[in-house]
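What follows is the residue order along each chain.
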Amino acid sequence: KKGDGVLMNKEESVKYFKLAIENGNSDAMYNYALMLSKGEGVSVNKEESIKYFKMAIDRGHSDAMFSYAIRLCKGDGISVNKEESIKYFKMAIDDGNVNAIYTYASMLDTGDGFPVNKEEAAKYYKMAADLGDAESMFNYALMNFKGEGIPVNKDEAIKYYKMSIDIGYEKSIYNYGLILFHGDGIQSNKEEAMKYFKMAADKGDPNSTYTIAYMLRKGDGVPVNLEESIKYYKLAIERGSGEAMLNYGRMLFNKECESDDKDEWIKYIKMAIEKGNMHAMFFYATKLETGDGVPMNINEAMNYYLMAAEKGHMRAMLSLMNLTK
């Protein structure tokens, strides 16, 4: 490994950090605290790391405030103290620390460390979003779109999706594509939606890749192009899309595309099942129940119906009830 123009030597860097600490350098205090916390260049000593975080905090170091707040919340090297944690989060937030603002918002949003408070989460996501944090823009847009913690405001959602799109945040690109596709809060424009799906797919987004494949297969907003559709299905499968696995498996089963292996569809349906796709579980169960494409196996069919039913698939529940009468 290399440092900044020199070979990295963490043990040697400790010596220089200590010299800088003696001269009152808050960055050195903070970085040395991190090294003690992680055991980089020195033995792990979380209690000692807390001492140096506090020294940096006393000199106004906002990253140290943020790191100390996290440790107070999680009980990492120090006893859990949620009230103190909030105090230090807010100190870092008041200093404009974007990581602290986003993390505090996320913890309030998910209930990770603090009780869920969607209203407060939205407030802090907006604060971090307005300071340029792309994930906060996405989360704030989502909360506006769904009306979580704030009233539904689709214009505001679209504004923040577009802000994060401008800095290349792929989840926003996909979500904005869906808004255009469905015309939800904006005039439907499927050709324009395809443009955004392709932008996200080019960044490796599996959901966008699958959606392009589906649109090309169905001719939904674009001309039907089965060859191109299959290309995108295979790419989405490589990227882990359970929906792509299911739909490509169905295409093979229905002979919508050619295969030298008549049982190849089973491979893709089972891949989707392994991803937890309840529709794939139900589809495979129906084939096992009727002996359509596979040997009839009622017990095995019941297992797959049960798997789908446990995930909330209503038709699987009904099929299971009929088989157990």
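Residues numbered from 1 in each chain as written. Predicted model: local features only at pLDDT ≥ 70, side-chain atom pairs only at ≥ 80, totals over all residues. Heavy atoms only, no water.

Caption draft 1: Geometry of the overall build of the chain. Looking only at helices and strands, the chain has 18 helices and 0 strands in total. A compact globule built from 325 residues should have a C-alpha radius of gyration of about 20 Å, whereas the chain, at 26 Å, is more than 25% larger. Its C-alpha atoms give the chain principal-axis dimensions of roughly 75 × 45 × 45 Å. Buried positions account for 44% of the 325 residues belonging to the chain. Counting contacts in the chain only where the partners sit at least 6 residues apart, residues at least 24 apart contribute 42% of the total. Entry remark: accessible area of the chain is about 16,900 Å², with carbon and sulfur atoms responsible for 47%. (Helix = DSSP H or I, 4+ residues; strand = E, 2+ residues; numbered from the N terminus. Rg over C-alpha atoms; globule rule 2.2 N^0.38 Å. Buried < 20%, exposed > 50% of the residue type's maximum accessible area, 1.4 Å probe, protein only. Contact = heavy atoms within 4.5 Å. Areas by Shrake-Rupley, 256 points an atom, 1.4 Å probe, with all protein chains shown as cover.)

Caption draft 2: Looking closely at the pattern of salt bridges. One pass over the structure, following the stated rule, counts 14 salt bridges. Close ionic contact of Lys-123 with Glu-120 constitutes a salt bridge, the shortest N to O distance being 3.9 Å. You can see Lys-123 and its partner Glu-120 sitting in helix H7 (residues 118–130), 3 residues apart, about one turn around the helix. Overall, Glu-120 belongs to the partly exposed group, its relative accessible area being 24%. Residue Lys-190 is joined to Asp-220 by a salt bridge in which the shortest nitrogen-to-oxygen separation is 2.7 Å. A residue pair is termed long-range when its members are at least 10 positions apart, and Lys-190 in helix H11 (residues 190–202) and Asp-220 in the loop between helix H12 (206–218) and helix H13 (226–238) qualify at 30 residues. (Salt bridge = Lys/Arg side-chain N within 4 Å of Asp/Glu carboxyl O.)

Caption draft 3: Region of the structure containing the nonpolar core. If you look at the biggest cluster of nonpolar residues, it comprises 105 residues, and the most contacted ones within it are Phe-89, Tyr-248, Trp-265, Ile-269 and Tyr-284. Counting residues per element, this core draws most heavily on helix H2 (residues 26–38), at 8 residues. Apart from the residues lying within four places of it in its own chain, the contact partners of Trp-265 are Gly-249, Leu-252, Phe-253, Phe-283, Tyr-284, Lys-287, Asp-292, Gly-293 and Val-294. (Core = buried A, V, L, I, M, F, W, Y, C linked by side-chain atoms within 4.5 Å.)

Caption draft 4: Molecular detail of helix H5 (residues 82–94). Along its 13 residues, H5 runs 18 Å from first to last C-alpha, staying within 8% of the 18 Å computed at 1.5 Å per residue. For H5, every residue scored as buried is listed here: Ser-85, Tyr-88, Phe-89, Ala-92 and Ile-93. An end-on view of H5 places all buried positions within 145° of arc, on one side of the element. Along H5, exposed side chains directed more than 90 degrees from the buried face belong to Glu-83 and Asp-94. Taken together, the buried residues of H5 touch helix H3 (46–58), helix H4 (62–74), helix H6 (98–110) and H7. One or two residues past the end of H5 sits Gly-96, with phi positive at roughly 80°. (Expected span 1.5 Å × (residues − 1). Arc of directions from axis to C-beta.)

Caption draft 5: Geometry of the packing of H4 against H5. Close contact between H4 and H5 brings their axes to 8 Å; oriented N to C, the two are set at 160°. On the basis of their axis angle, the class for H4 and H5 is roughly antiparallel. Where H4 crosses over H5, the two elements pack in a sense that is left-handed. Residue-level inspection shows Ser-62, Met-65, Phe-66, Tyr-68, Ala-69, Ile-70, Leu-72 and Cys-73 of H4 in contact with H5, the latter providing Lys-82, Glu-84, Ser-85, Tyr-88, Phe-89, Met-91 and Ala-92. In the contact of H4 with H5, the residues fall into 11 nonpolar, 2 polar and 2 charged. (Axes fitted to C-alpha atoms, helices over the stretch in contact; angles between N-to-C directions. Parallel < 35°, antiparallel > 145°, perpendicular 65-115°, else oblique. Left-handed = near helix turned anticlockwise from the far one by under 90°. Nonpolar A, V, L, I, M, F, W, Y, C, P; charged D, E, K, R; others polar.)

Caption draft 6: Broad picture of the packing of aromatic side chains. Applying the stated criterion across every chain, the model contains 24 aromatic pairs. Ring geometry for Tyr-104 against Tyr-124: centres 5.1 Å apart, planes inclined by 75°, an arrangement best described as edge-to-face. Residue Tyr-104 is located in helix H6, and its partner Tyr-124 is located in helix H7; the two are separated by 20 residues in the primary sequence. Centre to centre, the rings of Tyr-176 and Tyr-196 are 4.9 Å apart; their planes meet at 90°, and the pair counts as edge-to-face. Residue Tyr-176 is found in helix H10 (residues 170–182), and its partner Tyr-196 is found in helix H11; the two are separated by 20 residues along the sequence. Of the two residues, Tyr-176 and Tyr-196, neither departs from the other in class, the shared state being buried. Aromatic rings pair up to connect Phe-66, Phe-89, Tyr-104, Phe-114 and Tyr-124 into one cluster. The side chain of Lys-154 reaches across the aromatic face of Phe-145, ending 4.9 Å from its centre. Sitting above the plane of the Phe-181 ring, Lys-190 keeps its charged end 4.5 Å from the centroid. (Phe/Tyr/Trp six-rings, centres within 6.5 Å; stacked < 30°, edge-to-face > 60°. Lys NZ or Arg CZ within 6 Å of the ring centre and 35° of its normal.)

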